[in-house]
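Descriptive structure summary
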Amino acid sequence: CATKEEVAPRMLSCALFRTKSYFFRKSLTPMIGRSFGSTVSGFESRIATVLGGQWGDEGKGKLVDILAQRFDIVARFNGGANAGHTLHVDGKKFAFHLLPCGMLCKDTLNIIGNGVVLDLPTMFKELKDLEDNGLARDDNLKISDRAHLLFKFHKVIDGIQEDELEEKSIGTTKRGIGPCYATKAFRTGIRVGELMEDFDAFSIKYLKLVKTVQNMFGGFDYDTAGELEELKAFRERIKPMVTDTIFLINEAYRNGKSILAEGANAALLDMDFGTYPFVTSSATTVGGISTGLGIPAHNIDCVLGVVKAYTTRVGWGPFPTELTGEIGDFLRSEGHEFGATTGRNRRCGWLDIPVVQYSAQINGYHSLNISKLDILSTFKEIKIGARYILNGQTLKPGEMPSTLDGLEQCEVEYETLPGWQSDISACRTFDELPANAQAYIIRIEELTQIPVSWIGVGPKREEMVTRGFDNNYSKSA
């Protein structure tokens, strides 16, 4: 074995090579245009992931749906039924809250990973909706035996906590996500695997958990017998689906299969990195893939960040580029900015570059998907929130205040770009976009130092501009 003294120089040399290579590619890009290595579609990857780069609702589901046609496995790694991925395929609208978006692809295996909190009634409702549309998919879904079960009392607790906070409420979906992750952290939660073993032992543990949370939250009435009866029925239905997904996904990787990890929520909603406490309860960033699926981090070779062409967020919390007047109302109406899970109005504002720079620093995006560019098509001028100024100092790219008060105090320095004022929904390549739309995308690239390879120009699967690679992206291509 090599000594520490022998290994250290090799490690340093390797790190310097990677650093020099990165800056070499960056320095070439302005001179020769987009370098070959800068355009990342995700198609060539063994393990790729699609992550939200703002406060959620960026349109991740559409890109996952497109990529899923070329991947062997699509896997959810975090969150629960609080996700809201809306897909428009073949004239039909599908809203997934819990199921992976690969469910629309008949040859794709879908996995609900151990990092997900599983609401069985919601899952079966979504499966029924697929069946009603002629897309029965039970046979291509696998569920981790280590995923935690979300019970109806988790939703009751969620509502109690939100009501107690009154005007300072977090603005959760009230789907029970936070309370379920809390019982997981308390080590009193119950996993899917336990439901599949001795049901009497499961029932005892379940009743003990209900009693514990009733004591904690005021002794609310609860129908334990009814839920146990329902769970017993679900138990039989999910038997073929439940497995050790950690072994399954890693064995698939070893056998040459490609894997697409589907993120829910977004970076600014991450429990650690988001605008705490106005966050979700899971790891929404790239690190959540390893903890939520059991995949080694070094095997993830493509990270795609989805960023809306403007900014939205649901619920409370600081929002530096928020527009509260006519422009914000227009973006909400034109962009149909209403929550897929709750139906709540989304707050709207100009694109916030510091937010994207911060999320890119954490996630290490190889490429960006700018979604909903078409919503800006009627504007004569478009603003970009380019920089934050805090206490008279311009924050560096990637800097983000850790407190709500700090973010509230940030002033935004805007740049104004000319609009294109034309319909772009029929565009499929970057060169087909109007010159001013191209300039808007290029300015985003300059500010973030990340290439843009996907650009959404409408809600349908096919309404996507690709940049730097073949846009014939279905499996049959």
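Quantities reported herein were computed from a predicted structural model and do not represent experimental measurements.

1. A closer look at the overall build of the chain
Looking only at helices and strands, the chain features 14 helices and 20 strands. Long-range contacts, defined as pairs at least 24 residues apart, comprise 76% of the intrachain contacts of the chain with a sequence gap of at least 6. Within the structure as shown, the chain displays about 21400 Å² of accessible surface, and the carbon and sulfur contribution to it stands at 52%.

2. Let's talk about the packing of helix H7 (residues 199-216) against helix H8 (residues 224-238)
Any two packed helices are characterised by how steeply their axes cross, that is the angle between the axes, and by the distance between the axes. Close contact between H7 and H8 brings their axes to 11 Å; oriented N to C, the two are set at 140°. Put simply, H7 runs oblique to H8. Considering how the two elements wind past one another, H7 and H8 form a crossing that is right-handed. The residues of H8 that touch H7, namely those facing Phe199, Phe202, Ser203, Tyr206, Leu207 and Val210, are Thr224, Glu227, Leu228, Leu231, Lys232 and Arg235.

3. So, the pairing of strand E19 (residues 452-456)
In regular strands, side chains alternate between the two faces of the sheet. The element E19 is largely enclosed, with a buried count of 5 among its 5 residues. Alignment of strand E15 (residues 367-371) against E19, held across 3 bridges, turns out to be parallel. By the bridge assignment for E19, Asn369 is matched with Trp454. Taken together, the 3 bridges between E19 and strand E20 (residues 464-466) define a ladder with antiparallel strand orientation. Residue pairing in the sheet places Trp454 in a bridge with Thr466 of E20.

4. Section: the UniProt feature "active site" (unreviewed entry) in the chain
As annotated by UniProt and renumbered to match this structure, "active site" (unreviewed entry) occupies Lys184. Relative to the helices and strands, Lys184 is located in helix H5 (residues 177-185). Sequence-distant contacts of Lys184, defined by excluding residues within four places in its chain, comprise Asn114, Gly115, His148 and Gly189.

5. Notes on the nonpolar core
By size, the foremost hydrophobic cluster in this structure holds 62 residues, and its most contacted members are Leu120, Met123, Phe151, Phe153, Phe202, Tyr206 and Ile238. No other element matches the 6 residues that H7 contributes to this core. Excluding residues within four positions of it along the chain, Phe151 makes contact with Ile190, Phe202, Tyr206, Leu209, Tyr222, Glu227 and Leu231. The next biggest cluster of nonpolar side chains, apart from the first, holds 53 residues, and it includes Ile295, Val303, Val356 and Ile455.

6. Remarks on the sheet that holds strand E5 (residues 109-112)
Read across the open sheet, the 10 strands follow the order E9-E7-E5-E2-E10-E1-E11-E15-E19-E20; overall the sheet is mixed. Each end of this open sheet is capped by a strand with a single partner; those strands are strand E9 (242-243) and E20. Sheet topology places strand E2 (residues 73-76) next to E5; 4 bridges connect them, and they run parallel. Of the residues in E5, the one forming a bridge with Ala75 is Ile111.

7. What about helix H14 (residues 435-448)?
Here H14 contains 14 residues, and its C-alpha end-to-end distance of 20 Å stays within 8% of the 20 Å for a straight helix at 1.5 Å per residue. Of all the residues in H14, the buried ones are Ala437, Gln438, Tyr440, Ile441, Ile444, Glu445, Leu447 and Thr448. Contacts made by the buried residues of H14 are with strand E14 (351-352), helix H12 (353-363), E15, strand E16 (381-390), strand E18 (411-418) and E19. Of the residues trailing H14, Gln449 is marked for its positive phi of about 60°.

8. Re the pattern of salt bridges
Here the structure, examined in full by the defined rule, presents 22 salt bridges. The salt bridge partner of Glu415 is Arg387, with a shortest N-O separation of 3.1 Å. Within this pair, whereas Glu415 is found in strand E18, its partner Arg387 is found in strand E16, the two being separated by 28 residues in sequence. Judged by its relative accessible area of 16%, Glu415 is buried. Put simply, Asp57, Lys308, Glu337, Arg346 and Lys372 are held in one network by salt bridges that share partners.

9. Some remarks on the environment of Ile111
Within the element layout of this structure, Ile111 appears in strand E5. Ile111 gets classed as buried once you look at its relative accessible area, which sits at 0%. Sequence separation of Ile111 and Thr243 is 132 residues, and the distance between their C-alpha atoms is 9.9 Å. Those residues within four positions of Ile111 in sequence are excluded, and the remaining contacts are Ile73, Val74, Ala75, Arg76, Pro100, Lys142, Thr245, Leu248 and Ile249.

10. Here's the deal with the state of the cysteines
If you walk through the whole model with that rule in mind, you get 0 disulfides. With no disulfide of its own, Cys105 lies 9.5 Å from the sulfur of Cys101, the closest cysteine sulfur. Judged by relative accessible area, Cys105 falls into the buried class, the value being 8%.

What counts and what doesn't
Residues numbered from 1 in each chain as written. Predicted model: local features only at pLDDT ≥ 70, side-chain atom pairs only at ≥ 80, totals over all residues. Heavy atoms only, no water. Helix = DSSP H or I, 4+ residues; strand = E, 2+ residues; numbered from the N terminus. Contact = heavy atoms within 4.5 Å. Areas by Shrake-Rupley, 256 points an atom, 1.4 Å probe, with all protein chains shown as cover. Axes fitted to C-alpha atoms, helices over the stretch in contact; angles between N-to-C directions. Parallel < 35°, antiparallel > 145°, perpendicular 65-115°, else oblique. Left-handed = near helix turned anticlockwise from the far one by under 90°. Buried < 20%, exposed > 50% of the residue type's maximum accessible area, 1.4 Å probe, protein only. Pairing = 2+ DSSP bridges. UniProt positions renumbered as here; feature names shortened; annotations may be inferred. Core = buried A, V, L, I, M, F, W, Y, C linked by side-chain atoms within 4.5 Å. Expected span 1.5 Å × (residues − 1). Salt bridge = Lys/Arg side-chain N within 4 Å of Asp/Glu carboxyl O. Disulfide = S-S within 2.5 Å.

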